[in-house]
Amino acid sequence: MPAEQETAQEALTFSDLGLSAKVLSAVVDAGYTQPTPIQAGAIPHAIAGKDVLGIAQTGTGKTASFVLPMLTRLERGRARARMPRTLILEPTRELAAQVEENFVKYGKNHRLNIALLIGGVSFDEQERKLERGADVLIATPGRLLDHFERGKLLLTGVDIFVIDEADRMLDMGFIPDIERICKLIPFTRQTLFFSATMPPEITKLTEQFLQAPVRVEVARPATTNTSITQRFVKCGSKPWAKRARLRELIDAEGDTLKNAIIFCNRKSEVATLFRSLVRHEYDAGALHGDMDQRARMAMLENFRKGKLKLLVASDVAARGLDIPDVSHVFNFDVPIHSEDYVHRIGRTGRAGRSGEAFTLVTKADRKYVDAIGKLIGQEPEWLDGDLSTLTHEDDAEEKPRGRTGRRGPKKEASDAGEDKGQGSDARKGRKEAIKAENTERKARHDDASAQGERRPRKQDHRREREEDNSIIGFGDDVPAFMKIGIKG
DNA sequence: AAAAAAC
């Protein structure tokens, strides 16, 4: 980007973009004065009613670049029953909820009906909101079509249509759904289309559904010159070895570790690692797509609020989640697709802060690490020697005796008295999560063995199997945050 | 080798 353009953007403030007074005041109250490049580029065109093709990663201020102009444009007119005025499609439930939060935050001076249509929660409240007339409809594709097929929804009144994270929608096989939804919305609508990358399938979609779009492209947040320190850590391939290595890393970071997201490649691994960490008395929660939606929301909320220190997650948390203050990211598994690595570590080092990223690497991961090195354009920095320095002991078949082994049920943590207020909430949250995990496992009992979640068999007893019984001790108490349900 | 998303 030429230097003069950069200075021009630097001088720009939100008041230069043509936003309404109500929106502007909410933006100021939120503490923002200068728009990011994607906001500066997209907002004036979006307000002018033009189609926008925004090529931007998450973390570039993309969400506000469509929320703010939409709010401005929504000030004229009213919603009719079952005929939402705008529609925003998001690939995951958490992202949809996050966009809703943005509309609440920046729309605080407006009186708008916002409806969030996502799976995993009851239809009733969603239907009521549609019935009342939604100014803003935020949805994941499946639940949106479900409502449509039930006749609860007409898309013929949609004036502004937003497709967010289009390339991720592609990855997730949503394109047929998107095409179908597009055809239900009047041709005269305004379309705002966002994607981090432009593979051919996405280009085709934009040619099909956008009219003379203004293309706004911002550089992807660089992976090499950010404030994220990236380290790779050699590790034995046995699951217990990886878990032990992870605990060592966490312990070694001490107080510099404020909170962390720990990524696993599989949901089953998320569940196992989560239970293991809790059993070792770490303040941990879990987040993956097979969990009960309430537990997902509660976990994320607690992590955001700092009530939970470690969040073990699948790639559902890799992209887009806006948690400004994550000090560490651990890759318990090396991501198979190197772009996912960039997304994962991008959860730390946000909002001008510094971040630490550690990736556990086993022998089998060599080629994925090579691919990551290529993508980030730098040689992986190893914490204590690369894979060639793995000792035979590191990859031993048996768990060393007496190190982490523990016989019998562990007694309930004796920290009840020393808890400082908020800790107790966090502990309840953890218990609820375990409960959610257990219900889920019960439900999937039949195929559980395929996922390695089977109860320990007699001959397995030497392996580190997580003994759930030792840590389940629920009362009837339900923490307040669990009762809140889905806000709308 | 996976994850995500509708019931």
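Each value, and the rule that gives it
Residues numbered from 1 in each chain as written. Chains lettered and ligands numbered in written order. Predicted model: local features only at pLDDT ≥ 70, side-chain atom pairs only at ≥ 80, totals over all residues. Heavy atoms only, no water. UniProt positions renumbered as here; feature names shortened; annotations may be inferred. Helix = DSSP H or I, 4+ residues; strand = E, 2+ residues; numbered from the N terminus. Buried < 20%, exposed > 50% of the residue type's maximum accessible area, 1.4 Å probe, protein only. Contact = heavy atoms within 4.5 Å. Areas by Shrake-Rupley, 256 points an atom, 1.4 Å probe, with all protein chains shown as cover. Axes fitted to C-alpha atoms, helices over the stretch in contact; angles between N-to-C directions. Parallel < 35°, antiparallel > 145°, perpendicular 65-115°, else oblique. Left-handed = near helix turned anticlockwise from the far one by under 90°. Nonpolar A, V, L, I, M, F, W, Y, C, P; charged D, E, K, R; others polar. Pairing = 2+ DSSP bridges. 1 Å grid on protein atoms, 1.4 Å probe; cavity = no way out; pocket = protein on both sides within 12 Å on 5 of 7 lines; lining within 4 Å. Points joined across faces, edges and corners; volume = space filled by probe spheres on them. Phe/Tyr/Trp six-rings, centres within 6.5 Å; stacked < 30°, edge-to-face > 60°.

Per an unreviewed UniProt entry, the recorded name for chain A is DEAD-box ATP-dependent RNA helicase RhpA, and the organism is Nitratireductor indicus C115. A UniProt comment under Sequence similarities (unreviewed entry) is attached to chain A, and it reads "Belongs to the DEAD box helicase family." Turning to chain A, the UniProt annotation filed under Catalytic activity (unreviewed entry) states: "ATP + H2O = ADP + phosphate + H(+)".

Novice: Give me the lowdown on the overall build of chain A, citing residues and values where you can.
Specialist: Within chain A, the regular secondary structure consists of 17 helices and 13 strands. Split into buried and exposed, the 488 residues of chain A put 51% on the buried side. Counted over contacts in chain A with a minimum sequence separation of 6, partners at least 24 positions apart contribute 77%. When the accessible surface of chain A is totalled, it reaches about 22900 Å², and 49% of it is carbon and sulfur.

Novice: I'd like a rundown of the packing of helix α14 (residues 338-345) against helix α15 (residues 366-376), residues and numbers included.
Specialist: Relative to each other, α14 and α15 sit at 65 degrees, their axes nearing to 8 Å. Accordingly, the angle class assigned to the pair α14 and α15 is roughly perpendicular. Handedness of the crossing formed by α14 with α15: right-handed. Taking contact as the criterion, the partners of Ser 338, Glu 339, Tyr 341 and Val 342 in α14 are, on α15, Ala 371, Ile 372, Leu 375 and Ile 376. Each residue belonging to the contact of α14 with α15 can be placed in one class, and the counts come to six nonpolar, one polar and one charged.

Novice: Which residues make up the UniProt feature "domain: DEAD-box RNA helicase Q" (unreviewed entry) in chain A, and what are the values?
Specialist: The positions UniProt marks with the feature "domain: DEAD-box RNA helicase Q" (unreviewed entry) are residues 12-40. When the span residues 12-40 is considered, its composition is 45% helix and 0% strand, and the gap between its end C-alpha atoms is 8 Å.

Novice: Explain the pairing of strand β12 (residues 328-331) to me, using residue names and the numbers behind them.
Specialist: Of the two faces of β12, the one lined by His 328 and Phe 330 and the one lined by Val 329 and Asn 331 are each fully buried. Sheet topology note: the strand β9 (residues 260-263)/β12 ladder contains four bridges and is parallel. Looking at the pairing, Ile 262 lines up with Phe 330 of β12.

Novice: Tell me about unusual backbone geometry, and name the residues and values.
Specialist: Backbone geometry places Glu 165, a non-glycine residue, at a positive phi of 55 degrees. Counting through the fold element by element, Glu 165 comes out in the loop between β5 (160-163) and α8 (166-171). Here Glu 165 falls in the buried class, since its relative accessible area comes to 7%. In this structure, Glu 281 is a non-glycine residue whose phi angle is positive, near 70 degrees. Positionally, Glu 281 belongs in the loop between α12 (267-279) and β10 (284-287).

Novice: An account of empty space enclosed by the protein is needed here, citing residue identities and associated values.
Specialist: Per the counting criterion, the structure on display carries two cavities of 30 Å³ or more. The space that makes up the largest cavity amounts to roughly 60 Å³. If you go around the largest cavity, the residues you meet are Ala 56, Gln 57, Thr 58, Lys 62, Glu 165, Asp 167, Ser 195, Ala 196, Arg 319 and His 343. When the residues that make up the lining of the largest cavity are grouped by side-chain class, the tally is two nonpolar, four polar and four charged.

Novice: Describe the packing of aromatic side chains, with residues and values.
Specialist: With the rule as written, the count across this model stands at four aromatic pairs. Seen from their ring centres, Phe 232 and Tyr 341 are 5.8 Å apart, and the 20 degrees between their planes marks the pair as stacked. Of this pair, Phe 232 sits in strand β8 (residues 228-234) while Tyr 341 sits in helix α14, and the two are 109 residues apart along the sequence. Among the residues examined, Phe 232 registers a relative accessible area of 1% and is labelled buried. Each ring, one from Phe 330 and one from Phe 358, has its centre 5.5 Å from the other, and the planes form 15 degrees; the classification is stacked. Of this pair, Phe 330 sits in strand β12 while Phe 358 sits in strand β13 (residues 355-361), placing them 28 residues apart in sequence. Here the two residues Phe 330 and Phe 358 agree in accessibility, since each one is buried.

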